[in-house]
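# Secondary and tertiary structure notes
In case you want the letters, here they are:
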Amino acid sequence: MTTINLPLDGKIVPYTLTGTPIAVAKRDAKSFPRIAFAAAHVVADPLADNDPWLTPAIDWERTLAFRHRLWDLGLGVAEAMDTAQRGMGLGWPEARELIRRALDEAAGRKDAMIACGAGTDHLTPGPDVTVDTILRAYEEQIETVEAAGGRIILMASRALAAAAKGPDDYVSVYDRILRQVKDPVIIHWLGEMFDPALEGYWGNGDHLKAMETCLEVIRAHADKVDGIKISLLSKEKEVAMRRQLPKGVRMYTGDDFNYAELIAGDEAGHSDALLGIFDAIAPAASAALEALGRKSNHEFFDLLEPTVPLSRHIFKAPTRFYKTGVVFLAYLNGLQDHFVMVGGQQSTRSLAHLAELFRLADKARVLADPELAASRMRQVLAVHGVN
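Because the structure is predicted, anything quoted here is derived from the model rather than measured.

## Description of the environment of Phe32
Relative to the helices and strands, Phe32 is located in the loop between β2 (11-16) and β3 (36-39). For the pair formed by Phe32 and Gly293, sequence separation is 261 residues and the distance between their alpha carbons is 5.1 Å. If we skip the residues at most four places from it in the chain, Phe32 touches Arg27, Leu73, Gly74, Leu75, Ser286, Leu289 and Glu290.

As structure tokens, then:
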């Protein structure tokens, strides 16, 4: 067994890896009883001569190879979303290029499920940004995605959160947008724990009251809404909303704290999945969904439940920095050769946080090659002066 010295409670203590890695196997999404998207991260180019905080540099080859890995596992790709550092290092020009390239890759496969984020992040919120300005911004990004043959995930808008005077402004904007889209969209309600600028979305700081406005929009346009992803980290709120959705409208869980039980569901229904954590635990998610398709619920939970403590650690407050943990796992698992992120975001979590992530990933059996993971962890420790 491999042993490594890791920080714990201010001391350096030995840790012996015990997890048996979950096998990586190609799977067909048709064998899954749920639709499952992984919100995918981008791989930075560490050799670019750029200003990391100001100018994104992307390793397109590795970024796109990661999408193929998700498709091979039977998972869909939610492209250019929060996990791709949208609005936290990745601007609309880079997101637009990412969407174009990913859709081109998907077109070369028969099994590639993909949906792309369209929002208003090229607007800077301010007093001069009106509801009409926001509508035009949404229309611009939607037109870009649709022209490339993409399916829309309608992202929450920081500009709308800043400009809206109440629920009616949200209803007005979503009403006009949903009337225009070519195909049914997935609406994304991203909570303020993920992005503080979105506090009070749907015109109310009370999530249950905000939910009523959101449901009003969905009910009025059920034919244009494939589903909604809510990211509020509350299984109770997700289930409450799930039970009120019009027939045929899906709930895509965005709850990175409680996804296993929400996907499994109850006697009244279940959630599909659109999750950032599925980027980091893709082999476990794929194997668990296949088990659920075989009606082996015990195996489903045996595979997925151990990943929940890992996910809760990765998504702990400040939740918006979860992307660092997602990329760190990709590095540990040999899916990229470095731990460098767009915008220099690798610095947002402490060494103690990364060490605990390593331990939890081992216990969740998502370190594909424990020897490689330990070797790479030692490199990160050395950079921090721990030998």
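## Notes on the sheet that holds strand β6 (residues 152-154)
Here 8 strands make up a closed barrel; going around it, the order is β3-β4-β5-β6-β7-β8-β9-β10 and the pairing parallel. When the angles between neighbouring strand axes are averaged without regard to direction, this sheet yields 30 degrees. Bridging between strand β4 (residues 76-79) and strand β5 (residues 114-118) involves 3 bridges; their strand directions are parallel. Looking across to β5, one finds that Val77 is bridged to Ile114.

## Here we look at the pairing of β5
Where burial is concerned, most of β5 is hidden: 5 out of the 5 residues are buried. For the crossover that starts at β4, traverses helix α2 (residues 92-107) and ends in the parallel β5, the hand is right-handed. Once the chain exits β5 it traverses helix α3 (residues 131-147) before rejoining the sheet at β6, and the crossover so formed is right-handed.

## Description of the packing of aromatic side chains
In this description, a pair of aromatic rings is defined by centroid distance and the angle of the planes. Across all of its chains, the model carries 15 aromatic pairs by this definition. Judged by centre distance (4.9 Å) and plane angle (55 degrees), the ring pair of Phe328 and Phe339 falls under tilted. Of this pair, Phe328 sits in helix α13 (residues 322-332) while Phe339 sits in the loop between α13 and α14 (351-363), and the two are 11 residues apart along the sequence. Look at Phe328 and you get buried, because its relative accessible area is 0%.

## Some words on the side chain of Gln345
The residue Gln345 is located in the loop between α13 and α14 in this model. Apart from the residues lying within four places of it in its own chain, the contact partners of Gln345 are Gln85, Met88, Phe321 and Thr324.

## Notes on the packing of α3 against helix α5 (residues 167-180)
At a closest axis distance of 10 Å, the pairing of α3 and α5 adopts a crossing angle of 30 degrees. Judged by the angle between their axes, α3 and α5 are roughly parallel. The crossing of α3 and α5 is right-handed. For the pair α3 and α5, the contacting residues are Val131, Asp132, Leu135, Tyr138, Glu139 and Ile142 in the first and Asp169, Val173, Tyr174, Arg176, Ile177 and Gln180 in the second. Classifying every residue of the contact of α3 with α5 gives 7 nonpolar, 1 polar and 4 charged.

## What to know about unusual backbone geometry
Residue Pro318 follows Ala317 across a cis peptide bond; omega there is -5 degrees. By the element assignment, Pro318 lies in the loop between α12 (307-314) and α13. Phi is positive for Asp9, close to 55 degrees, though the residue is something other than glycine. Inspection of the secondary structure assignment puts Asp9 in the loop between β1 (3-8) and β2. With a relative accessible area of 74%, Asp9 lands in the exposed category.

Definitions and cut-offs
Residues numbered from 1 in each chain as written. Predicted model: local features only at pLDDT ≥ 70, side-chain atom pairs only at ≥ 80, totals over all residues. Heavy atoms only, no water. Helix = DSSP H or I, 4+ residues; strand = E, 2+ residues; numbered from the N terminus. Contact = heavy atoms within 4.5 Å. Pairing = 2+ DSSP bridges. Axes fitted to C-alpha atoms, helices over the stretch in contact; angles between N-to-C directions. Buried < 20%, exposed > 50% of the residue type's maximum accessible area, 1.4 Å probe, protein only. Right-handed = clockwise from strand over helix to strand, strands pointing away. Phe/Tyr/Trp six-rings, centres within 6.5 Å; stacked < 30°, edge-to-face > 60°. Parallel < 35°, antiparallel > 145°, perpendicular 65-115°, else oblique. Left-handed = near helix turned anticlockwise from the far one by under 90°. Nonpolar A, V, L, I, M, F, W, Y, C, P; charged D, E, K, R; others polar.

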